[in-house]
Structure formats: structure tokens, C-alpha cells
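Topology and contacts: notes
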Amino acid sequence: MKFRAFFGAALLVATVSMPAIADDDPAIGQRQGQFKLFVHNFGALGSMVQGRIDYDADLAATAAQNLYHVSRHDQGRLWPEGTGSNNADGTRARPEIWENLDDFMQKFVDMQDAVEALQPVAGDGLDALRPVFGAVAGTCQACHETYREESS
Amino acid sequence: MRVLLSVLGVGVLLVAVLGWALSAPNTIPESALVGLEGDAEAGRKVFLAGGCASCHMETGDDADPTVLAGGRSLQSDFGTFYSPNISPDPEHGIGGWTQAEFINASLRGVSPDGQHYYPAFPYPSYARADPQDFADLHAYIMTLPADPTESRPHDLGFPFTIRRGLGLWKQLYLRDDWVITGDLSEAEARGRYLAEALSHCGECHTPRNLIGGLDHDRWFEGAPNPSGRGRIPAIVGSGFTWTEFDISAYLESGLTPDFDVVGGSMAAVVDNLRQLDKADLDAIAAYVIRAGE
């Protein structure tokens with residue numbers, strides 16, 4: 001629940017120091033960079049699950065480990081209030097995130113848990129990888145369904 | 001002067017009579033529907049392909065997709081629509097409807113008491129469907145739990161509150177022919193049936209004109225999100241580079257070829273479609289590629 005603690009602090013800082021318009025808030029690009037690293041690793045696993053590339057135990061284990069670490073990156077300063085799609089350009093983060101922070105954070109924690117379960121089995125073959133990979137994808141979808149805007 | 005007024009009066013009357021006649025509800029005659037036997041198990045697949053639960057399931061965080069209490073909102077340029085209760089409840093749902101009434105509601109947008117439905121209900125797509133599929137769907141829905149929630153009235157602005165006017169809209173936009181024509185492979189034809197009729201892909205992926213009609217000349221070219229920010233993406237054209245494999249994999253897994261994960265309103269579509277046979281997803285993929293050629 002590290003996420004929760006740092007999230008509160010971030011909001012406090014945000015309300016004190018941030019103006020309402022946050023078009024150029026670097027946090028937007030930075031959190032998107034984090035998701036690109038997710039995809040960099042998640043995509044390697046997905047490519048194997050979908051048969052786009054051959055299964056490679058070392059690559060799978062490394063990607064799962066990377067995912068684990070990226071998912072542990074503290075979220076504290078990445079989601080300042082005022083960086084939603086209602087008042088900033090270049091983001092698909094829906095304002096509902098800040099209206100339902102507890103639920104948003106829970107969905108993030110669900111993803112962290114699913115990624116944690118991936119790490120020990122990713123190198124054990126496709127049959128072991130497939131269901132836990134699917135569970136991770138499900139946690140991504142659960143959040144995107146509610147908290148991400150349609151395509152920009 | 002008096003003659004002129006008389007002519008004018010007759011003209012106005014003629015237009016009114018013509019408008020009234022043209023706006024009358026058209027239904028499939030009961031005689032054409034007798035003998036259809038609904039198969040609930042087959043109807044479950046229609047239910048999934050049609051995405052009925054996406055709009056009609058009860059509201060709330062832990063909504064059960066088999067409880068079709070409705071009440072979900074759909075914003076549009078014309079106002080806010082609320083999906084009605086289509087659970088088997090005899091009073092507030094559709095438990096009292098005959099199979100023929102259900103089919104005419106779905107394929108012609110006409111209620112059992114002869115009113116037009118708003119095309120927020122995608123009957124312009126279902127119009128292309130085989131009545132047998134909706135007989136099956138009716139049988140399936142009748143096996144689901146009844147819910148006594150009263151349907152919430154739509155919140156629309158004038159003149160959209162006049163349902164009779166929808167009869168004229170239907171004259172323009174309710175057609176049961178296919179959008180993509182020509183020689184189609186068996187898979188492409190099956191995909192067309194799913195995509196153009198049951199799964200009503202065009203309802204979101206095709207832009208609409210000022211009065212809400214789909215622009216068939218820009219089929220699948222993407223459109224503004226009717227209910228908020230962002231766009232529903234184009235799935236044809238030079239910007240759409242997915243292969244058949246990519247499309248089918250996406251409908252099954254929710255993963256784009258770049259391994260982004262589905263979200264927004266498409267998430268529920270994928271949750272439904274992934275429960276169909278893989279051959280059906282392959283068929284939709286073949287059709288989407290064909291539509292882009």
C-alpha cells in the first residue's frame with residue numbers, strides 16, 4: 001500500500017503548488033513513460049503467448065522481472081490533481097480517477113499483485129505463463145475500461 | 001386570394017397526411033414469424049454477439065450481466081437515453097411480450113404498442129439479422145432473472161421527444177441490405193453478418209450525420225465518442241494497419257498488436273466476443289479487412 005501513502009502526499013503538494021491548468025505538467029509524460037516500459041515487457045510476454053515469437057524462457061523471466069520492478073515504481077508524484085483529460089491535453093486519464101482515488105489505487109494494486117504472481121512462473125514454459133499473463137491483462141483492462149478515455 | 005388559401009390549405013394537409021403515412025410503424029407480419037422455435041442455448045451466443053448486457057444490465061459496480069434491469073445512460077447530441085428493463089419481469093420488463101413482438105422491437109424498432117424506438121437501440125443494425133436468431137435470443141432472455149426495476153424515461157430535448165417523427169428517420173436509415181457488398185468468402189459473409197447485424201460495429205465506428213444517420217460512405221472510418229471525450233477509432237483506411245490475425249487476437253484477448261490493453265466502451269465488447277467461437281472472431285477479422293479494401 002505504498003501507493004496510497006505517497007498518493008496523499010502528492011495531492012497535498014499539488015493543491016498547494018500547482019495551478020489549475022496543467023497542460024505542460026511533466027508528470028503526464030513521465031507516467032506515460034512508465035506505461036511504455038510496462039508495454040515493453042508485457043509485449044514480450046504477449047508476443048510469446050500469441051505465438052508471434054517463439055517462447056524463450058530467459059526472455060520471459062527477464063520481462064516478468066522487469067514488469068515486477070516497473071510495477072513497484074512509486075506512483076506518488078505521477079498523478080497530480082489537474083492532470084486529467086478534463087483540464088490537460090495529451091492525456092487520456094479520465095477525471096474520474098481523482099473522484100474515485102481509492103478504487104483507482106485498488107486497481108493499481110490488483111495489477112501489482114497479478115504481476116507479482118507472474119514473476120515466479122514466467123520462465124516455466126508457455127502453459128505456465130499463459131493464465132497468469134491473462135490475469136495481468138485483465139487487471140490492465142479493468143482500469144482502462146473505467147479510467148481511460150477512448151482513443152484520442 | 002381565397003383560391004390561393006384553399007390550395008395552400010390542401011397542400012399543407014397533403015404534406016401532413018403524407019408525413020403521417022410515411023411515419024407509420026412498419027412491422028414484420030406475424031404470419032412471417034410463425035413457426036420460429038427459439039433455442040435458448042443458441043440465443044446465448046446471440047446475446048453475447050449483440051452485446052445486449054453492455055447497455056441493458058443493471059447499474060452498479062458489481063452488476064450482473066444477466067440481470068437486464070437497464071437504467072444505463074447513453075449520452076448523445078439529442079439528449080440522454082436510458083436503457084430500459086428487458087428482463088423477463090412481466091410488468092416492468094418484457095416478460096409479457098410475444099416472440100413476434102420481441103422480434104419486431106429488435107429488427108424494426110417498433111414496440112408492442114406500436115411506438116417507434118429511438119435508434120440508440122441499434123435496431124438499424126439488427127434489421128439485417130435473421131429473425132431466427134432473435135427468436136433464440138428471446139428464448140434465452142426469458143431464462144434470465146426477472147427484475148422489477150421500472151424503466152427510466154429518456155431525457156431528450158424537443159423535437160426529439162416526438163416519437164412519431166422517427167418514422168420519417170426510419171424511411172431514410174432503416175434498411176436491411178448490407179453495407180459491404182460483392183463476392184464474399186464464407187468467412188467474410190459470416191463476419192459481415194456478425195459485424196453489420198448482431199454486433200453492430202458500425203454504430204460506433206462509423207460517423208453519423210446531423211440527424212443521427214450512419215454515413216455508409218464512411219463506413220468504419222471512426223467517429224467522435226458520442227458519450228464523452230476522445231474518438232472511436234477508424235478500423236479501415238491507411239491509418240489502420242492491423243492484420244486479420246491482429247484483429248482476431250484483439251477480439252479474443254483485448255490486446256492490440258502493440259500490446260496495449262483494451263479499455264473504454266470496447267472492453268465490454270471484447271468481454272462478450274471472446275466468449276464466441278474463435279471461428280466467429282476470425283470471420284469478423286476477415287470481414288473488417290474486406291471492408292477496408
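Our subject is the structure that appears above.
What comes next is a walk through the structure. All values reported here derive from a predicted model rather than from experimental measurement.

Now for the overall build of chain B. For chain B, the helix and strand inventory stands at twelve helices and five strands. Against the compact-globule benchmark of 19 Å for 293 residues, chain B has a radius of gyration of 20 Å, which places it among compact chains. Summarising the internal contacts of chain B: among those between residues at least 6 apart in sequence, 62% fall at separations of at least 24. When the accessible surface of chain B is totalled, it reaches about 14,500 Å², and 56% of it is carbon and sulfur. One finds the centroid of the 20 positive side-chain charges in chain B at a distance of 8 Å from the centroid of its 39 negative side-chain charges.

Right, let's get into helix H8 (residues 186–198) of chain B. Residues and elements named next belong to chain B. Compared with the 18 Å implied by 1.5 Å per residue over 13 residues, the 17 Å span of H8 between its first and last C-alpha is a close match. Inspection of H8 places Glu 188, Gly 191, Arg 192, Tyr 193, Leu 194, Ala 195, Glu 196, Ala 197 and Leu 198 among the buried residues, and these make up the whole buried set. Those residues of H8 hidden inside the fold are in contact with helix H2 (40–50), helix H5 (123–126), helix H6 (131–141), helix H9 (202–205) and helix H12 (278–291).

Turning our attention to the packing of helix H10 (residues 244–253) of chain B against H12(B). All names here are of chain B. Where H10 meets H12, the closest approach of the two axes is 8 Å, and the angle between their N-to-C directions is 135°. Viewed along their axes, H10 and H12 adopt a mutual orientation that is oblique. Like other packed secondary-structure pairs, H10 and H12 cross with a definite hand, here right-handed. Mapping the contact onto sequence places Glu 244, Ile 247, Ser 248, Ala 249, Leu 251 and Glu 252 in H10 and Lys 278, Leu 281, Asp 282, Ile 284, Ala 285, Ala 286, Val 288 and Ile 289 in H12. Here the contact of H10 with H12 is composed, by residue class, of nine nonpolar, one polar and four charged.

Attention shifts here to the sheet that holds strand S3 (residues 155–156) of chain B. By definition, the strands of a sheet pair up through backbone hydrogen bonds, in either a parallel or an antiparallel sense. Residue and element names in this part refer to chain B. The three strands are arranged S1-S2-S3 in an open sheet whose pairing can be described as antiparallel. Edge positions in the open sheet fall to strand S1 (73–76) and S3, since each of these has one partner strand only. For S1 and strand S2 (residues 79–82), the ladder comprises four bridges, and the chain directions are antiparallel. Paired with Ser 73 across the bridge in S2 is Tyr 82.

Each value, and the rule that gives it
- Position labels on residues start from 1 in each chain and follow its written sequence.
- Here chains are named by letter from A upward and ligands by number from 1 upward, in the order in which they appear as written.
- Predicted model: local features are reported for residues with pLDDT of at least 70 only, side-chain atom pairs are reported and counted for 80 or more only, and whole-chain, interface and lining totals are derived from all residues.
- Think of the side-chain values as coming from all heavy atoms in the structure, minus any hydrogens and water.
- Note on conventions: DSSP H or I runs of at least 4 residues are helices, E runs of at least 2 residues are strands, and numbering of each starts at the N terminus.
- Radius of gyration here uses only the C-alpha atoms, and the compact-globule reference equals 2.2 Å multiplied by the residue count raised to the power 0.38.
- Contact definition: two residues touch when any of their heavy atoms are within 4.5 Å.
- Per-residue and other accessible areas were derived by the Shrake-Rupley procedure at a 1.4 Å probe size, with only the shown protein chains allowed to occlude residues.
- Only four residue types enter the tally: Lys and Arg on the positive side, Asp and Glu on the negative side, with His and both chain ends excluded.
- Where a charge lies is defined by one atom per residue type: Lys uses NZ, Arg uses CZ, Asp uses CG and Glu uses CD.
- Expected helix span is given by 1.5 Å per residue-to-residue step, counting one fewer step than there are residues.
- Residue exposure (1.4 Å probe, protein chains only): buried if accessible area is under 20% of the type maximum, exposed if over 50%, otherwise partly exposed.
- Axis lines are fitted to C-alpha atoms, over the contacting stretch for helices. Their N-to-C directions set the angle, which ranges from 0 to 180 degrees.
- Should an angle fall under 35 degrees it is taken as roughly parallel, and over 145 as roughly antiparallel, whereas 65 to 115 is taken as roughly perpendicular and any remaining angle as oblique.
- Here a crossing is taken to be left-handed if its near helix is turned anticlockwise relative to the far helix by less than a right angle, and right-handed if that turn runs clockwise.
- Polar here means any residue other than Ala, Val, Leu, Ile, Met, Phe, Trp, Tyr, Cys and Pro, which are nonpolar, and Asp, Glu, Lys and Arg, which are charged; Gly is therefore polar.
- Whether two strands pair comes down to DSSP finding at least two bridges between them.

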